[in-house]
Amino acid sequence: MEHEKAVKEALNALYHHPDDTVRVQADRWLQNFQGTLDAWQVADNLLHDSSSNLETLIFCSQTLRSKVQRDFEELPPGAFQKLRQSLTTLLKKFHKGPPKVRTQISIAVAALAVHVPAADWGDGGILSWLRDEMNMHPEYVPGFLELLTVLPEETFNYKIAARPDRRRQFENELTFQMEPALSILTACLNITELKEQVLEAFASWLRLRHGISGAVLACHPLVHAALSSLNCDPLSDASVNVISELIHHTASPSSGGISAQTPLIQVIVPEILSLKAHLRDSSKDEEDVKAIGRLFADVGDSYVELIATGSDESMVIVHALLEVTAHPEFDIASMTFNFWHSLQLTLTKRDSYISLGSEASIEAERNRRQHVFRPAYENLVSLVGFRVQYPEDYQGLSYEDLKEFKQTRYAVADVLTDAASILGGDTTLKILYMKLLEANAQIGNEFQEWRPAEAILFCIWAISNYVSVVEAEVMPRVMASLQNLPQQAQQLQTACLLVGAYSKWLNAAPASVSILPSIIGILMSGMGASEDCAAAAALAFRHICDDCRKNLCGYFEDLFKIYCMAINGGSGYKVSAEDSLNLVEALGMVVTELPLDQAKSALEKLCLLAASPLEEAAKEDLDKKHARELTVHIDRFAFLFRYVNHPEAVAAEINKHWAIFRVIFDARPWDMRTMEALCRACKYAVRTSGRYIINTIGEMLAKIQFHYQQHHQPCFLYLSSEVIKIFGSDPSCADYLKNLIETLFAHTTCLMTSIKEVTARPDIADDCFLLASRCLRYCPHLFIPSPIFSPIVDCAVIGMTVQHREACHSILTFLSDIFDLEKSVNEEQFKRIRDNVIIPRGPTITRILISSLAGALPSSRLDTVTYALLALTRTYGLQAVGWAKESVSLIPRTAVTETESAKFLQALSDAAYGADVNFLIGYAEDLSDVCRRNRTVQELVQAALKPLELNLVAPVS
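A quick note: this is a predicted structure, and the numbers were derived from the prediction, not measured.

(A) Layout of the overall build of the protein. Tallying secondary structure elements over the protein gives 52 helices and zero strands in all. Put simply, the protein has 957 residues, and 54% of those count as buried. For the protein, the accessible area works out to roughly 40800 Å², and carbon and sulfur atoms hold 52% of it. Charge separation in the protein, taken as the distance between the mean sites of 87 positive and 116 negative side-chain charges, equals 4 Å.

This is the structure in structure tokens:
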């Protein structure tokens with residue numbers, strides 16, 4: 001009684017107290033209460049109490065549902081009968097509502113059925129029990145119908161803490177009980193007021209996708225009831241759901257596929273096609289039209305391979321889908337977009353024709369089909385183009401509305417690329433160009449109305465990858481028309497995007513050299529129009545310099561002037577610091593095409609432009625500078641070193657400007673953003689220059705070592721990874737690198753002596769073990785015999801259960817690389833050292849891996865953990881299986897049964913000796929599921945395995 005009173009008071013406070021703090025406290029108390037053992041009885045009592053208000057009923061029904069789903073194992077053996085009786089009484093009590101309460105009670109009974117084998121419900125399982133209850137108490141049929149609706153839905157509800165074997169068994173039970181379930185529903189059809197509820201329950205059972213043939217369903221009363229309801233006004237939602245599920249059922253492999261379901265398809269499709277006229281009926285309710293559109297889209301998506309044959313019957317469906325696409329409401333039209341994509345893939349992919357045998361037959365059939373569908377796709381291009389047009393009130397659009405409009409444009413762009421795949425880019429371009437001429441004709445020569453033309457230019461941008469580079473009829477006219485565009489920001493932005501997208505065409509055009517200056521003029525206009533337009537222009541500039549670099553070599557000085565104006569804000573340019581990097585990349589590509597002497601001179605000018613502001617800043621107090629004042633210039637160095645593919649020239653520049661890099665290293669080693677930018681620039685210098693940078697590498701490594709020990713910047717580790725990759729096998733660098741490895745790893749192992757410290761420094765852990773994996777790959781001769789090898793393995797073991805995704809992945813990958821050492825290094829001395837380190841730690845590593853599968857790490861890491869365990873087991877065979885057996889034996893049998901343990905261990909043993917890894921993955925998932933089925937079990941398993949409390953063995957000398 002005290003608990004019941006406390007629950008009522010907490011609910012009253014939660015819903016009615018004026019103080020937010022009190023409401024939060026009440027909510028927290030109620031959540032904690034739901035996890036207690038007392039919650040069972042209290043929730044049950046209050047639900048049976050006729051004085052309970054709606055708030056109490058909703059909370060208690062949710063509590064009871066949650067307890068049955070998650071905590072059923074808390075109840076003593078034999079509690080099932082009493083619980084079922086209580087829930088049945090409640091289902092009868094609330095058979096007329098409140099609906100929320102009735103639904104929660106129904107889900108609780110369904111969850112109980114998932115936990116308890118069919119035999120415990122009596123002969124015939126829960127369906128027979130339910131039928132008997134409905135026969136004995138017909139007045140309570142509405143409540144029992146809701147139970148019948150949610151029952152199949154709970155098959156796939158992983159909130160229910162059922163064991164994997166029991167969940168699969170329950171699905172099989174329901175599959176075998178499909179016909180009895182449909183018999184109950186058919187009997188209930190006679191009650192007119194329950195027809196909608198009956199059809200919703202039918203739709204729910206169809207989602208199981210098993211158990212009934214197409215021939216049976218084709219003449220089933222439930223199917224005909226649903227089809228007849230399609231003609232109701234307003235349209236029956238339940239009937240639409242049933243027909244939609246029937247369509248999916250007929251296409252499901254588990255139901256035998258389309259050939260086995262032909263009788264049902266022949267009944268459904270004509271009824272749906274008869275609804276086509278409603279799409280054009282302006283008096284029809286929009287929700288009804290949307291439901292009809294959904295059915296047409298379902299037909300298209302499910303039967304796309306059948307439709308792709310191009311038969312007369314399939315073309316009727318295609319024309320109906322075109323009508324849906326033509327609907328003025330985008331939400332309705334866009335339902336068909338996936339169909340047009342799937343149809344395009346089916347028509348173009350070779351697998352669709354493989355059964356025809358010879359190449360000649362395949363090609364002939366492909367051409368025939370694509371010819372049949374060309375008119376449909378030509379029509380499609382005309383139907384979707386207008387949807388990308390800016391609305392008249394575009395300037396008043398909210399952020400969310402503008403975001404939605406952009407998503408619409410990209411969705412239409414995808415449809416246009418599907419059309420171009422069938423029609424060919426050049427043909428699609430011609431269709432769009434005719435639309436562009438129409439748009440320009442409508443507005444005359446004044447260009448006051450820019451929106452229709454901009455929309456077509458966007459469409460032409462969308463198909464750029466499909467237009468041939470030798471297209472000579474339309475593209476020259478399109479490019480010429482860009483010269484006459486009004487200086488309107490959105491239209492200029494689209495023009496810049498279009499120019500960039502057709503950079504390959506510009507390079508191949510016969511008049512490329514004469515066109516390029518005017519094209520670059522458009523981009524210069526774009527840089528001054530708006531920030532968004534400037535970003536598009538900078539991106540286009542990059543594409544043009546990439547693809548037309550040979551033609552632009554003679555214009556470097558002009559390009560350099562544009563670049564200088566852009567980064568200095570000259571001529572009203574609005575290029576942001578971030579977008580200016582596209583210009584740096586663009587010039588870097590042009591410099592790459594220059595002869596070495598000219599490239600050195602050009603790169604020198606570009607680097608000087610980046611270095612001068614840094615040198616000016618160094619004359620002042622660098623400590624007081626904002627990081628962004630430095631990183632914008634350092635990032636330009638990084639892009640030049642990355643994209644200028646002249647190793648000697650890049651090496652000369654990094655050597656020349658190393659002095660300012662050194663000053664910044666020494667002045668701001670505490671500043672993560674500046675150090676990341678500096679290390680990124682050094683990384684690309686190392687990557688591009690290779691051995692040409694050998695004179696600078698020693699001092700660079702010295703700086704990294706010194707400052708890492710003081711400031712622990714993760715970027716020092718990833719720069720070291722790049723150095724190891726380039727110079728790891730170079731004998732002349734061995735002393736440098738050995739010292740680097742030992743210094744960095746020694747300091748890192750001191751930083752991370754517990755999981756708490758690894759958790760506090762996930763970026764260091766991530767980059768440290770990425771570096772360690774690279775050392776195994778590129779310089780095992782320096783790393784494995786080193787005294788730091790054993791401590792870094794210990795450090796990895798400490799951090800295995802870190803929750804940070806990237807850090808955890810790097811640690812587990814490093815350990816897997818050690819176990820798989822033979823794949824990269826096949827020297828006995830290294831394997832011997834590896835074994836001396838791993839074997840003493842094998843039981844600990846295995847136990848942590850098992851605990852990670854069982855809940856110490858999120859289930860999303862399952863594949864990585866399983867691979868690490870497999871790699872360990874493949875290397876150490878039965879010894880590793882023995883370690884796994886010891887670990888699994890610690891898990892209480894209430895959590896994992898002997899059978900479940902044995903299946904997992906057998907799969908691990910089989911996989912170690914070459915069996916299909918997928919079997920291990922399946923059993924690992926089962927072990928994971930059973931150990932995570934609820935919080936109580938997960939805590940019990942982790943308390944038994946104690947992954948965070950394991951004592952590491954002493955380092956091996």
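Next comes the rest of the description.
(B) Region of the structure containing the side chain of Ser-464. Tracing the chain through its elements places Ser-464 in the loop between α25 (451-462) and α26 (475-482). The buried category is assigned to Ser-464, whose relative accessible area is 12%. Among the polar contacts listed, one links the side chain of Ser-464 to the backbone oxygen of Trp-461, at a separation of 3.2 Å. Setting aside residues up to four positions removed in sequence, Ser-464 forms contacts with Ala-501 and Tyr-502.

(C) Expanded view of the side chain of Ser-928. Counting through the fold element by element, Ser-928 comes out in helix α51 (residues 917-931). Setting aside its immediate chain neighbours within four residues, Ser-928 contacts Leu-853 and Leu-862.

(D) Broad picture of the nonpolar core. Of all hydrophobic cores here, the largest spans 327 residues; its most connected members are Trp-205, Phe-783 and Phe-814. For Phe-783, the residues in contact, after removing those within four places along its chain, are Ile-741, Phe-745, Ala-772, Cys-775, Leu-776, Ile-788, Phe-789, Ile-792 and Phe-814.

(E) Highlighting the domain arrangement of the protein. As assigned here, the protein comprises domain 1 (213-231 + 255-348), domain 2 (595-711), domain 3 (729-832) and domain 4 (840-956). Taking only C-alpha atoms, the centre of domain 2 and the centre of domain 3 are 27 Å apart. In this complex, domain 2 contributes eight residues to the contact, which on the side of domain 3 involves 13 residues. Between domain 2 and domain 3 the total buried area reaches about 950 Å² when both faces are included, carbon and sulfur atoms providing 65% of it.

(F) Local environment of empty space enclosed by the protein. For the structure shown, the criterion picks out three cavities of 30 Å³ or more. Within this model, the largest cavity holds a volume of roughly 100 Å³. Lining of the largest cavity is provided by Pro-164, Asp-165, Arg-168, Glu-900, Lys-903, Phe-904, Tyr-923, Asp-926, Leu-927 and Val-930. Looking at the lining of the largest cavity, the elements with two or more residues in it are α9 (164-176), α50 (898-912) and α51. Per element, the largest residue contribution to the lining of the largest cavity is four residues, and it comes from α51. Class assignment of the residues belonging to the lining of the largest cavity gives a composition of five nonpolar, no polar and five charged.

(G) Geometry of the environment of Ala-651. Topologically, Ala-651 is positioned in helix α36 (residues 647-656). Between the C-alpha atoms of Ala-651 and Ser-689, which are 38 residues apart in sequence, the distance is 5.4 Å. Apart from residues lying up to four places away in sequence, Ala-651 is in contact with Ser-689, Tyr-692 and Ile-693.

(H) The state of the cysteines, seen in detail. For the structure on display, the rule yields zero disulfides. The thiol sulfur of Cys-775 is not disulfide-bonded, and the nearest other cysteine sulfur, from Cys-779, lies at 4.2 Å. Judged by relative accessible area, which is 0%, Cys-779 ranks as buried.

(I) Seen up close, the packing of aromatic side chains. Applying the stated rule across the entire model yields 25 aromatic pairs. Judged by centre distance (6.4 Å) and plane angle (55 degrees), the ring pair of Tyr-410 and Phe-458 falls under tilted. With Tyr-410 in helix α23 (residues 399-423) and Phe-458 in helix α25, the pair connects residues that are 48 residues apart, well separated along the chain. Considering the side-chain rings of Phe-783 and Phe-814, the 6.4 Å spacing of their centres and the 45 degrees angle between planes classify their relative orientation as tilted. A residue pair is termed long-range when its members are at least 10 positions apart, and Phe-783 in helix α44 (residues 780-783) and Phe-814 in helix α46 (residues 805-819) qualify at 31 residues. No difference in accessibility class separates Phe-783 from Phe-814, as the two residues are buried. By the ring-pair criterion, three or more aromatic residues cluster together here, those being Phe-637, Phe-641, Trp-658, Phe-661, Phe-665 and Phe-716. Across the ring face of Tyr-158, the terminal group of Arg-167 is positioned such that the distance to the ring centre comes to 4.3 Å.

(J) Helix α19 (residues 312-325), seen in detail. Over its 14 residues, α19 extends 20 Å from the first C-alpha to the last, a length consistent with the 20 Å expected when each residue adds 1.5 Å. Inspection of α19 places Ser-314, Met-315, Ile-317, Val-318, Ala-320, Leu-321, Leu-322, Val-324 and Thr-325 among the buried residues, and these make up the whole buried set. Those residues of α19 hidden inside the fold are in contact with α16 (262-273), α17 (286-302), α18 (304-307), α20 (330-333), α21 (337-348) and α22 (359-384).

(K) Summary view of the pattern of salt bridges. Counted according to the given criterion, the structure contains 53 salt bridges. Across the pair Lys-738 and Glu-742 runs a salt bridge whose closest N-O atoms are separated by 2.6 Å. Linking Lys-738 with Glu-742, this pair stays in helix α41 (residues 734-751), spanning four residues, or about one helical turn.

(L) Helix α48 (residues 828-856), seen in detail. Relative to the 42 Å expected for 29 residues at 1.5 Å per residue, α48 spans just 35 Å between its end C-alpha atoms, considerably shorter than the ideal helical length. Gly-842 marks where α48 bends most, by close to 60 degrees; the proline Pro-843 follows one to four residues later.

(M) Inspection of the packing of helix α6 (residues 99-115) against helix α8 (residues 141-153) at higher detail. Where α6 meets α8, the axes come as close as 8 Å, and the angle between the chain directions of the two elements is 55 degrees. The angle between α6 and α8 falls in the class oblique. By crossing handedness, the relation of α6 to α8 is classed as right-handed. Contacts from Arg-102, Thr-103, Ser-106, Ile-107, Val-109, Ala-110 and Ala-113 in α6 reach Pro-142, Gly-143, Glu-146, Leu-147, Val-150 and Leu-151 in α8. Taken together, the residues that form the contact of α6 with α8 break down as eight nonpolar, three polar and two charged.

(N) Quick look at the environment of Cys-682. Note that Cys-682 resides in helix α38 (residues 672-689). The exposure class assigned to Cys-682 is buried, which follows from its relative accessible area of 0%. The residues contacting Cys-682, other than those within four sequence positions of it, are Trp-658, Phe-661, Phe-665, Met-700 and Leu-719.

(O) Representation of unusual backbone geometry. Geometrically, the link from Gly-97 to Pro-98 is a cis peptide bond, its omega value of 5 degrees lying close to zero. Of note, the phi angle at His-712 is positive, near 55 degrees, even though the residue is not glycine. For His-712, the location among the structural elements is in the loop between α39 (694-711) and α40 (714-727). Judged by relative accessible area, which is 22%, His-712 ranks as partly exposed. Although it is not a glycine, Lys-946 sits at a positive phi angle of roughly 50 degrees. In this fold, Lys-946 is placed in the segment after α52 (935-945). Here Lys-946 falls in the partly exposed class, since its relative accessible area comes to 36%.

About the thresholds
Residues numbered from 1 in each chain as written. Predicted model: local features only at pLDDT ≥ 70, side-chain atom pairs only at ≥ 80, totals over all residues. Heavy atoms only, no water. Helix = DSSP H or I, 4+ residues; strand = E, 2+ residues; numbered from the N terminus. Buried < 20%, exposed > 50% of the residue type's maximum accessible area, 1.4 Å probe, protein only. Areas by Shrake-Rupley, 256 points an atom, 1.4 Å probe, with all protein chains shown as cover. Lys, Arg positive; Asp, Glu negative; His and termini not counted. Charge placed at Lys NZ, Arg CZ, Asp CG, Glu CD. Polar contact = N/O pair within 3.5 Å; in protein donor to acceptor, adjacent residues only side chain to side chain. Contact = heavy atoms within 4.5 Å. Core = buried A, V, L, I, M, F, W, Y, C linked by side-chain atoms within 4.5 Å. Domains from an automatic or database assignment. Buried area = accessible area lost by both parts, 1.4 Å probe. 1 Å grid on protein atoms, 1.4 Å probe; cavity = no way out; pocket = protein on both sides within 12 Å on 5 of 7 lines; lining within 4 Å. Points joined across faces, edges and corners; volume = space filled by probe spheres on them. Nonpolar A, V, L, I, M, F, W, Y, C, P; charged D, E, K, R; others polar. Disulfide = S-S within 2.5 Å. Phe/Tyr/Trp six-rings, centres within 6.5 Å; stacked < 30°, edge-to-face > 60°. Lys NZ or Arg CZ within 6 Å of the ring centre and 35° of its normal. Expected span 1.5 Å × (residues − 1). Salt bridge = Lys/Arg side-chain N within 4 Å of Asp/Glu carboxyl O. Bend = angle between axes of the 7 residues up to and from the residue. Axes fitted to C-alpha atoms, helices over the stretch in contact; angles between N-to-C directions. Parallel < 35°, antiparallel > 145°, perpendicular 65-115°, else oblique. Left-handed = near helix turned anticlockwise from the far one by under 90°.

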